[in-house]
Amino acid sequence: RFYEKVQALHQDPKTSVDNPLLGFSLIKRLHSDWPNVIYSEEATQNTQALHAGFKEVEQDLPGAEDLDGAARALMRLQDVYALSVKGMASGVFQRASAGWPTLYSPSQPVSLSADDCFHVGKVAYDTGDYYHSIPWLEEAVSLFRLSYGSWNPEDRSSLEDALDHLAFSYFMAGNISHALSLSREFLHYGMWGSLKRMQRFWGGPHHPCMAPASFTPFLAPPRGPILEHLPHLSCSYETNGSPYLLLQPVKKEMVQTQPYVALYHDFISDAEAETIKGLAGPWLQRSVVASGEKQQKAEYRISQSAWLKDTAHPAVRALERRVAALTGLDLRPPYAEYLQVVNYGLGGHYEPHFDHATSRKSPLYRMKSGNRIATLMIYLSEVEAGGSTAFIHANFSMPVVK
């Protein structure tokens, strides 16, 4: 009913008002009919229902930390895979340098708006990271220019905002002439705050300029898992002398001897993978790293993780038995840790690290389990692109195979 009332007020705006009756009804609509609907009891009830519905789900919705984290994830992908910001904004994941094939073409391409690009750039800008803020704000400015004059009610920024932040980013990166050029364009749109802010810096003592930092991606170039030209690398069925694997030996592929890396195909079933993901889902929390005696969050490890005991489900117990049979290691407490399930979400990563403790001060040395001697990783899902496990000193990486 409320919707029909609003629709009734949207009579054809192209109708001629030569007819004095139409002229009168237009004036009446604008003066009294619209306010009567907007301030009606129905409008109030609709607004209250909308607010109440939002309050019910508000605590489950992403927060500012989540949004900023997602923006940093895009910048992380940009760095690791040397991606073009312009390409990312248009929905294509391609290298910034020419001659490389597209890394990933989504089946349903999604482009970013000018406001989206501005937010990513501003996350970098707010932390003084002008190396990242410049290309994202450049893209925001470019897209805002194309739509200048039109109004998008969802935008929280504008061409003026983007020019303001981009000019200051260039100024802080040491490109004074381009910063001044952008400030002039900024002035052209009736704004002068940015120029005044820069003049405050120019009027004082000399400030060292921050040149854009270089970044070396830590992921080695992916290469295929089977290297047929090396005779000591082979594939085989393995039982490791265990009767548990006698009827169904594991499919082993030697990938590297130094360090020793083996790949086991079809190690768990799809049903087991789904069960384990389902068990871990409700317990996922931001992953932490060891810092002396404490565990804390760190930017170099972005993921969520949960720990599953073998008592959690028969599938976990069966998997632990299979791992023990494969490795010949005792997985009963306290000799092994619980099964750790990790989700890397949007652009998650773990920078180069050792799984074992490298310091005698580590709490691992005071635990009955002692230091770690082996790691077994299982991919529980496919990914569209990336996600490899990189062994940086050996200069190779293992692609994701579920």
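Here is a short report on the structure shown in this document. (Residues numbered from 1 in each chain as written. Predicted model: local features only at pLDDT ≥ 70, side-chain atom pairs only at ≥ 80, totals over all residues. Heavy atoms only, no water.)

### As for the overall build of the protein
Phase 1: Scanning the protein from terminus to terminus reveals 12 helices and 12 strands.
Phase 2: Buried positions account for 29% of the 402 residues belonging to the protein.
Phase 3: Expressed as a percentage of contacts within the protein between residues at least 6 apart in sequence, the contacts between residues at least 24 apart total 55%.
Phase 4: Total accessible area computed for the protein in this model is approximately 26,400 Å², and 56% of it derives from carbon and sulfur atoms. (Helix = DSSP H or I, 4+ residues; strand = E, 2+ residues; numbered from the N terminus. Buried < 20%, exposed > 50% of the residue type's maximum accessible area, 1.4 Å probe, protein only. Contact = heavy atoms within 4.5 Å. Areas by Shrake-Rupley, 256 points an atom, 1.4 Å probe, with all protein chains shown as cover.)

### A look at the sheet that holds strand β3 (residues 261-265)
Phase 1: In spatial order, the strands read β1-β2-β3; together these three strands make up an open sheet with antiparallel pairing. A single partner strand is all that each edge strand has here, and the edge strands are β1 (235-238) and β3. When the angles between neighbouring strand axes are averaged without regard to direction, this sheet yields 35°.
Phase 2: For β1 and strand β2 (residues 250-256), the ladder comprises four bridges, and the chain directions are antiparallel. Paired with Ser236 across the strands is Lys252, a residue of β2. (Pairing = 2+ DSSP bridges. Axes fitted to C-alpha atoms, helices over the stretch in contact; angles between N-to-C directions.)

### Topic: the nonpolar core
Phase 1: Formed by 35 residues in total, the largest nonpolar core has its most connected members in Trp136, Phe144 and Leu166.
Phase 2: For this core, the secondary structure elements donating two or more residues are α4 (64-80), α5 (85-89), α6 (114-126), α7 (130-146), α8 (159-172) and α9 (176-188).
Phase 3: At eight residues, the largest contribution of residues to this core is made by α8.
Phase 4: Apart from residues lying up to four places away in sequence, Phe144 is in contact with Ala114, Asp115, Phe118, Asp155, Ser157, Ser158, Leu159 and Ala162.
Phase 5: By size, the runner-up hydrophobic cluster in this structure holds 16 residues, among which are Ala273, Leu308, Val316 and Leu380. (Core = buried A, V, L, I, M, F, W, Y, C linked by side-chain atoms within 4.5 Å.)

### Some words on the pattern of salt bridges
Phase 1: As enumerated under the stated definition, the model contains 11 salt bridges in all.
Phase 2: Of the charged contacts, one joins Glu185 and Arg145 as a salt bridge, the two residues approaching to 2.6 Å between their closest N and O atoms. Of the two residues, Glu185 is situated in helix α9 and Arg145 in helix α7; the sequence distance between them amounts to 40 residues.
Phase 3: The partly exposed category is assigned to Arg145, whose relative accessible area is 40%.
Phase 4: In this structure, the salt-bridge partner of Glu274 is Lys402, at a minimum N-O distance of 3.9 Å. On the criterion of sequence distance, the pair formed by Glu274 in helix α11 (residues 270-280) and Lys402 in the segment after β12 (396-398) is long-range, its members being 128 residues apart. (Salt bridge = Lys/Arg side-chain N within 4 Å of Asp/Glu carboxyl O.)

### What about the packing of aromatic side chains?
Phase 1: Per the counting criterion, the structure on display carries five aromatic pairs.
Phase 2: Seen in terms of ring centroids, Tyr125 and Tyr130 are 6.0 Å apart; in terms of plane orientation they differ by 80°. Their pairing is edge-to-face.
Phase 3: Since its relative accessible area comes to 10%, Tyr130 is described here as buried.
Phase 4: Each member of the aromatic cluster is reached from another via a ring pair, and the members are Tyr125, Tyr130, Phe168 and Phe171. (Phe/Tyr/Trp six-rings, centres within 6.5 Å; stacked < 30°, edge-to-face > 60°.)

### Notes on the sheet that holds strand β4 (residues 285-286)
Phase 1: Here three strands make up an open sheet; going across it, the order is β4-β8-β9 and the pairing antiparallel. Either end of the sheet is taken by a strand with one partner, and the two such strands are β4 and β9 (339-343).
Phase 2: By the bridge criterion, five bridges tie strand β8 (residues 304-308) to β9 in an arrangement that is antiparallel. In the strand pairing of β9, Leu308 is matched with Leu339.
Phase 3: Against the sheet, α11 engages β8 and β9, with an angle of about 105° to β8.

### So, the side chain of Ser157
Phase 1: If you trace the backbone, Ser157 turns up in the loop between α7 and α8.
Phase 2: A residue is classified by how much of its surface remains accessible, and Ser157, at 10% relative accessible area, is buried.
Phase 3: One polar contact links Ser157 to Asp115, side chain to side chain, over a distance of 2.4 Å.
Phase 4: Contacts of Ser157, omitting those with residues within four sequence positions, involve Asp115, Phe118 and Phe144. (Polar contact = N/O pair within 3.5 Å; in protein donor to acceptor, adjacent residues only side chain to side chain.)

### Thoughts on α9
Phase 1: Its 13 residues place the ends of α9 18 Å apart at the C-alpha level, agreeing with the 18 Å of an ideal helix rising 1.5 Å per residue.
Phase 2: Restricting attention to buried positions, one finds in α9 the residues Ala179, Leu182, Ser183, Glu185 and Phe186. One side of α9 carries all its buried residues, which in axial view fall inside an arc of 160°. The exposed set on the far side of α9, more than 90 degrees from its buried face, consists of Ser177, Arg184 and His188. (Expected span 1.5 Å × (residues − 1). Arc of directions from axis to C-beta.)

### A look at the packing of α6 against α8
Phase 1: Packing of α6 against α8 leaves a shortest axis separation of 11 Å and a crossing angle of 35°. Like other packed secondary-structure pairs, α6 and α8 cross with a definite hand, here left-handed. Residue-level inspection shows Phe118, Lys122 and Tyr125 of α6 in contact with α8, the latter providing Asp161, Ala162, His165, Phe168 and Ser169.
Phase 2: Per-class residue counts for the contact of α6 with α8 are four nonpolar, two polar and two charged. (Left-handed = near helix turned anticlockwise from the far one by under 90°. Nonpolar A, V, L, I, M, F, W, Y, C, P; charged D, E, K, R; others polar.)

### Describing a nonpolar patch on the surface
Phase 1: There is a patch of nonpolar side chains on the surface, built from Phe54, Val57 and Leu61 and spanning about 250 Å² of accessible area.
Phase 2: Counting through the fold element by element, Val57 comes out in helix α3 (residues 41-58). (Patch = residues over 30% accessible without salt bridge, like charges linked within 9 Å, V, L, I, M, F, W, Y side chains within 5 Å.)

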